[in-house]
Amino acid sequence: MIYKVSYVVTGAAHSGAIINQDTAPQVGEIVELGHEMFEVIEVMDLLPPQGDFAYLHVTCRPLTTKSIQHQG
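Residues numbered from 1 in each chain as written. Predicted model: local features only at pLDDT ≥ 70, side-chain atom pairs only at ≥ 80, totals over all residues. Heavy atoms only, no water.

(A) Highlighting the confidence of the model for the chain. Residues of the chain with pLDDT of at least 70 account for 89%, and the chain-wide mean is 90. Within the chain, strand E1 (residues 2-9) carries the highest mean pLDDT (97), whereas helix H1 (residues 65-71) carries the lowest (54). (pLDDT = per-residue confidence, 0-100. Helix = DSSP H or I, 4+ residues; strand = E, 2+ residues; numbered from the N terminus.)

So, in structure tokens, the structure goes:
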């Protein structure tokens, strides 16, 4: 399955991204968009899977030093 993932960033002036992935992102996962790191806070289906493709909407927030220390 290929996941077409639309990443939207809250709380930052980041344009987000649309990325094809082999695995679905999970809440709490850390993702790199460009050269910045973000935490996934929400994952939603945009459409039901179509053949070999699934379409997801992901909301994420920028990582801060505080949030990185909390996860460790």
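(B) Broad picture of the environment of Met 37. Relative to the elements of secondary structure, Met 37 occurs in strand E4 (residues 36-50). As for Met 37 and Cys 60, which are separated by 23 residues in sequence, their C-alpha atoms are 9.6 Å apart. Apart from the residues within four sequence positions on either side, Met 37 is in contact with Ile 30, Val 31, Glu 32, Pro 62 and Leu 63. (Contact = heavy atoms within 4.5 Å.)

(C) Summary view of the nonpolar core. Core analysis: the largest hydrophobic core is formed by twelve residues, namely Tyr 3, Val 5, Tyr 7, Val 9, Val 31, Leu 33, Phe 38, Val 40, Ala 54, Leu 56, Val 58 and Cys 60. Those elements that place two or more of their residues in this core are E1, strand E3 (30-33), E4 and strand E5 (53-62). For Ala 54, the residues in contact, after removing those within four places along its chain, are Met 1, Ile 2, Tyr 3, Lys 4 and Pro 49. (Core = buried A, V, L, I, M, F, W, Y, C linked by side-chain atoms within 4.5 Å. Buried < 20%, exposed > 50% of the residue type's maximum accessible area, 1.4 Å probe, protein only.)

(D) Spotlight on the side chain of His 14. By secondary structure assignment, the location of His 14 is in the loop between E1 and strand E2 (17-21). Beyond its immediate sequence surroundings of up to four residues, His 14 is in contact with Val 9, Leu 33, Glu 36 and Phe 38.

(E) Focus on the environment of Pro 25. As for its placement among the helices and strands, Pro 25 is situated in the loop between E2 and E3. For Pro 25, a relative accessible area of 2% translates into the label buried. Distance in space between the C-alpha atoms of Pro 25 and Glu 42 is 9.3 Å, their sequence separation being 17 residues.

(F) Quick look at the pattern of salt bridges. Applying the stated criterion to the full structure yields one salt bridge. The partner of Glu 39 in a salt bridge is Arg 61, and the shortest N-O contact between them spans 3.1 Å. Of this pair, Glu 39 sits in strand E4 while Arg 61 sits in strand E5, placing them 22 residues apart in sequence. Classification of Glu 39 by relative accessible area gives buried; the value is 13%. Given a relative accessible area of 39%, Arg 61 falls into the partly exposed group. (Salt bridge = Lys/Arg side-chain N within 4 Å of Asp/Glu carboxyl O.)

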